[in-house]
Amino acid sequence: MAKLLLLHAPHVLPKFSSGSRSLVSASALYRRPLLVNSQFSHIEPRLRSPYNRRFSARAFDDSPASSSAEIEKEQQEPLRDGVSGERNEDYPTGEMEYVNRNAWEIFVVKLRMLFAFPWQRVRKGSVLNMTLRGQISDQLKSRFNSGLSLPQLSENFVKAAYDPRIAGIYLHIEPLSCGWGKVEEIRRHILDFKKSGKFIVGYINICGLKEYYLGCACNELYAPPSAYSFLYGLTVQASFLGGVFEKVGIEPQVQRIGKYKSAGDQLSRKNISEENYEMLSVLLDNIYANWLDGVSDSIGKKREDVESFINQGVYEIEKLKEEGLIKDIMYDDEVISMLKERLGVEKDKKLPTVDYKKYSGVKKWTLGLSGGRDQIAIIRAGGSISRVKGPLSTPGSAIIAEQLIEKIRSVRESKKYKAAIIRIDSPGGDALASDLMWREIKLLAETKPVIASMSDVAASGGYYMAMAANTIVAENLTLTGSIGVVTARFTLAKLYEKIGFNKETISRGKYAELLGAEERPFKPEEAELFGKSAQHAYQLFRDKAAISRSMPVEKMEEVAQGRVWTGKDAHSRGLVDALGGLSRAIAIAKQKANIPLDKKVTLVELSRPSTSLPDILSGIGSSVIGVDRTLKGLLDELTITEGVQARMDGIMFQQLGRDSLATPIIDLLKDYLSSLR
């Protein structure tokens, strides 16, 4: 049976790049997205409670397979606030306000430090030394994983702000491979840390747009004389395989529902469609405008002046200093000497520092940052969506529906949780799996407040999950929406003829060969059924989205059609309720659960990594033992994609894995073409 996939098509999409190098976002040398989660409402002494007026989502009253009668009934209800049927609601900002501790609190913290384990002790006057590099996961990492974790990175910022032993932060910013959603969250933590009055000094070797966007938020930013500057702007590239497939004898038969659903274009087209061009241009405009606004804010220059500087094509690091974009040009050892002098450390002594990994082991309890009695569950869902765990799956690399559903049910059945936050970082995937998780989230939302918090991307299947929540929160540059589906099958008749391969199929049943006879193209009646099934999947998705957002179907159709939106644009169109990071989601969860905003809560992570030996070895075993299955998997995907997909067109999401619609096919084609030389 064919599968429906709700995906944002991370890897099938074009890639953002800056300058002349291909990127997932803005830097000239790198690719992928980023995130930051303000998961510390529970440790903040006080949260401001100004409110912004935003829209709220209404929970579904229908079953997973909403009938047309139910949908029609919903649409007959009076709409709120005009055509969109949205309800204005005040949401707390969740903004952190740093508050100095009193004498008793200081005494308690010092007492706890005396009894801390040796590996959790930090020398007084230390500098927290952290390096941002490459991919930053939205998942928690175990002690055996060396990668950066946004939750742990965020926690370190907050702990350092309140830790009397930490004098400041020395932040090394290397080329980043994460998305703009995570970049926004990290930047927010940098700005929040500065409220403590401690210094945060940035150091940058390669200056791309993402790297500078974070660096300029620090108190001071330094770079070596030989640093590379790639502040040239943003580009987006889309590649197409239609011509390649034609030459090697592969005929993609693609059904995409939604004129903006470009997750099939890469396979079937030879050039970009007008709709895809329009969508990518708007996304590019939003990201670039947000970058200009943020940078001009941080360095105190007019937006026009910053844009003018970018358009000069500056590559000399000296120009950045002259224009005030960096504090000074210094080598790393010179910055360390400067910090030693600032902290009163003798020249012949070593600067006391603590690194990211060791500081991650410092308990919040030691610093008086533990939460209160009320508990809020956090369920993290990152990666492409599958219904069951595959043979090559590694922990935390994908959303496995059966595992996530188990967590959701445990929260629903437990009375200890006052609310739940579903943290989503996914381009989508299997449509059936998305619908099953939607149902469980909907049931959970009927028993307690559920807030969906979006990271880099929550599109197609990722948005499908989010729309079951009571409230949806996204970053300004979260990529979301992509309400559409795509399905494809590959006819290999000409390829088989070229390589001398033959395949005969014997079947019973008129449509038995619909998904299995790749040696021939569709018959007319098969093509009709193939298209109808995709259209049916799209209508179910769109209509559920309309009900959840309290919109008429006609209005939802205008913002659906497979179109990807930034969080900011999605918010203005009623697809998202509030803009912000995890800290705002926590504040809204407290509000919905009738918990005072200034009251501490305990955040319970239900997606903690396993430290058992079998799970540690599983990552190794899946890549070694499963090698013999790889070729078969590639061939299977070459003949038929996983049925109907709801993917977000993989614009800049190589970081989400290699489970795209096209990547295995591209790899196989490379091998085939190289063999012809």
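Computed from a prediction, not measured in an experiment: that's the story for all the values here.

Caption draft 1: Representation of the overall build of the chain in the model. Broken down by element type, the chain carries 23 helices and 31 strands. Counting the 677 residues in the chain, one finds 56% classified as buried. Once local pairs closer than 6 in sequence are excluded, the contacts in the chain between residues at least 24 apart make up 80%. If you sum the accessible surface of the chain, you get close to 28200 Å²; carbon and sulfur atoms cover 51% of it.

Caption draft 2: Spatial organisation of the UniProt feature "active site" (unreviewed entry) in the chain. UniProt annotation of "active site" (unreviewed entry) refers to Lys-261 and Ser-460 when read in the numbering used here. Of the residues just listed, which span 200 residues, no C-alpha pair is farther apart than 9.9 Å, and they cluster in one region. Relative to the helices and strands, Lys-261 resides in the loop between β16 (251–257) and α7 (265–268). The exposure class assigned to Lys-261 is buried, which follows from its relative accessible area of 0%. Its location among the elements puts Ser-460 in the loop between β24 (450–459) and α15 (461–466).

Caption draft 3: Here's a closer look at the packing of helix α3 (residues 150–162) against helix α4 (residues 180–194). The contact between α3 and α4 brings their axes to 9 Å, and the two run at 10 degrees. Relative to α4, the element α3 is oriented roughly parallel. Listed contacts from α4 to Leu-150, Leu-153, Ser-154, Phe-157, Val-158, Ala-160 and Ala-161 of α3 are Lys-182, Glu-185, Ile-186, His-189, Ile-190 and Phe-193. Grouping the constituent residues of the contact of α3 with α4 by class yields nine nonpolar, two polar and two charged.

Caption draft 4: Inspection of the pattern of salt bridges at higher detail. Tallied over the entire structure, the rule returns 33 salt bridges. Its salt-bridge partner being Lys-503, residue Glu-518 comes within 2.7 Å of it at the nearest N-O pair. Separated by 15 residues along the polypeptide, Glu-518 in the loop between α16 (493–499) and α17 (524–548) and Lys-503 in the loop between α16 and α17 bring together distant segments of the chain. Connected via shared salt-bridge partners are Asp-138, Glu-185, Arg-188, Arg-380, Arg-423, Glu-475 and Glu-605.

Caption draft 5: Highlighting α4. Over its 15 residues, α4 extends 21 Å from the first C-alpha to the last, a length consistent with the 21 Å expected when each residue adds 1.5 Å. For α4, the tally of buried residues reaches 12 of 15 residues, placing the bulk of the element in the interior. Among all positions in α4, only Trp-180, Gly-181, Lys-182, Val-183, Glu-184, Glu-185, Ile-186, Arg-187, His-189, Ile-190, Asp-192 and Phe-193 are buried.

Caption draft 6: Focus on the sheet that holds strand β18 (residues 353–355). If you trace the six strands from one edge of the open sheet to the other, you get β17-β13-β11-β10-β7-β18, paired in parallel fashion. The open sheet has two free edges, formed respectively by β17 (328–329) and β18, since each of these has just one partner strand. Running over the sheet, α3 touches β7 (126–134), β10 (166–176) and β11 (199–204) and is turned about 160 degrees from β7.

Caption draft 7: Seen up close, the state of the cysteines. Tallied over the full model, the rule gives zero disulfides. Among the cysteines around Cys-216, which has no disulfide bond, Cys-218 carries the closest sulfur, lying 8.2 Å off. Judged by its relative accessible area of 8%, Cys-216 is buried.

Caption draft 8: View of the nonpolar core. With 64 residues, the main nonpolar core has Tyr-212 and Trp-291 as its most contacted residues. Beyond its immediate chain neighbours, meaning those up to four positions away, Tyr-212 contacts Ile-204, Cys-207, Leu-221, Leu-231, Trp-291, Val-295, Ile-299, Leu-325 and Ile-326. In this structure, Ile-405, Ala-458, Leu-575 and Val-576 belong to the second largest nonpolar core, which totals 52 residues.

Caption draft 9: Inspection of the packing of helix α8 (residues 274–299) against helix α9 (residues 303–310) at higher detail. As a packed pair, α8 and α9 sit with axes 9 Å apart at the nearest point and diverge in direction by 110 degrees. When the axes of α8 and α9 are compared, the pair comes out roughly perpendicular. Helix-helix and strand crossings are classified by hand; for α8 and α9 the assignment is right-handed. On α9, the residues that touch Tyr-288, Ala-289, Trp-291, Leu-292, Asp-293, Val-295, Ser-296 and Ile-299 of α8 are Arg-303, Val-306, Glu-307 and Ile-310. Considered class by class, the residues forming the contact of α8 with α9 number eight nonpolar, one polar and three charged.

Reading guide: rules and limits
- Just so you know, the residues in each chain are numbered from 1, in the order the chain's sequence is written.
- Note on the predicted model: pLDDT of at least 70 is required for a residue's local features to be given, and 80 or more for side-chain atom pairs to be given and counted; whole-chain, interface and lining totals, by contrast, use all residues.
- Processing note: side-chain calculations cover all non-hydrogen atoms of the structure and skip hydrogens and water entirely.
- Here a helix means four or more residues in a row that DSSP labels H or I, a strand means two or more in a row labelled E, and each is numbered from the N terminus.
- Note on classification: 1.4 Å probe, protein chains only; a residue is buried when its accessible area is under 20% of the maximum for its type, exposed when over 50%, partly exposed between these limits.
- Residue contacts follow a heavy-atom distance rule, with two residues in contact if any of their heavy atoms lie within 4.5 Å.
- Using a 1.4 Å probe, the Shrake-Rupley method yields the accessible areas, and only the shown protein chains count as cover for residues.
- UniProt positions are given in the numbering used here, feature names are shortened, and annotations may be inferred rather than shown by experiment.
- Helix axes use the C-alpha atoms of the stretch in contact, all axes being lines fitted to C-alpha atoms, and the angles between their N-to-C directions lie in the range 0 to 180 degrees.
- Angle categories are assigned with fixed cut-offs, so that under 35 degrees is roughly parallel, over 145 is roughly antiparallel, 65 to 115 is roughly perpendicular, and the rest are oblique.
- Gly is put with the polar residues, along with every residue not named as nonpolar or charged; the nonpolar set is Ala, Val, Leu, Ile, Met, Phe, Trp, Tyr, Cys and Pro, and the charged set is Asp, Glu, Lys and Arg.
- The rule for a salt bridge is simple: a side-chain nitrogen of Lys or Arg has to be within 4 Å of a carboxyl oxygen of Asp or Glu.
- One fewer than the residue count of a helix, multiplied by 1.5 Å, yields its expected span.
- Strand pairing is assigned whenever DSSP detects at least two bridges linking the two strands.
- Put simply, a disulfide is two cysteine sulfurs that come within 2.5 Å.
- To form a nonpolar core, buried Ala, Val, Leu, Ile, Met, Phe, Trp, Tyr and Cys residues must be joined to one another through side-chain atoms within 4.5 Å.
- Helix crossings are classified by the rotation of the near helix relative to the far one: an anticlockwise turn of less than a right angle makes the crossing left-handed, while a clockwise turn makes it right-handed.

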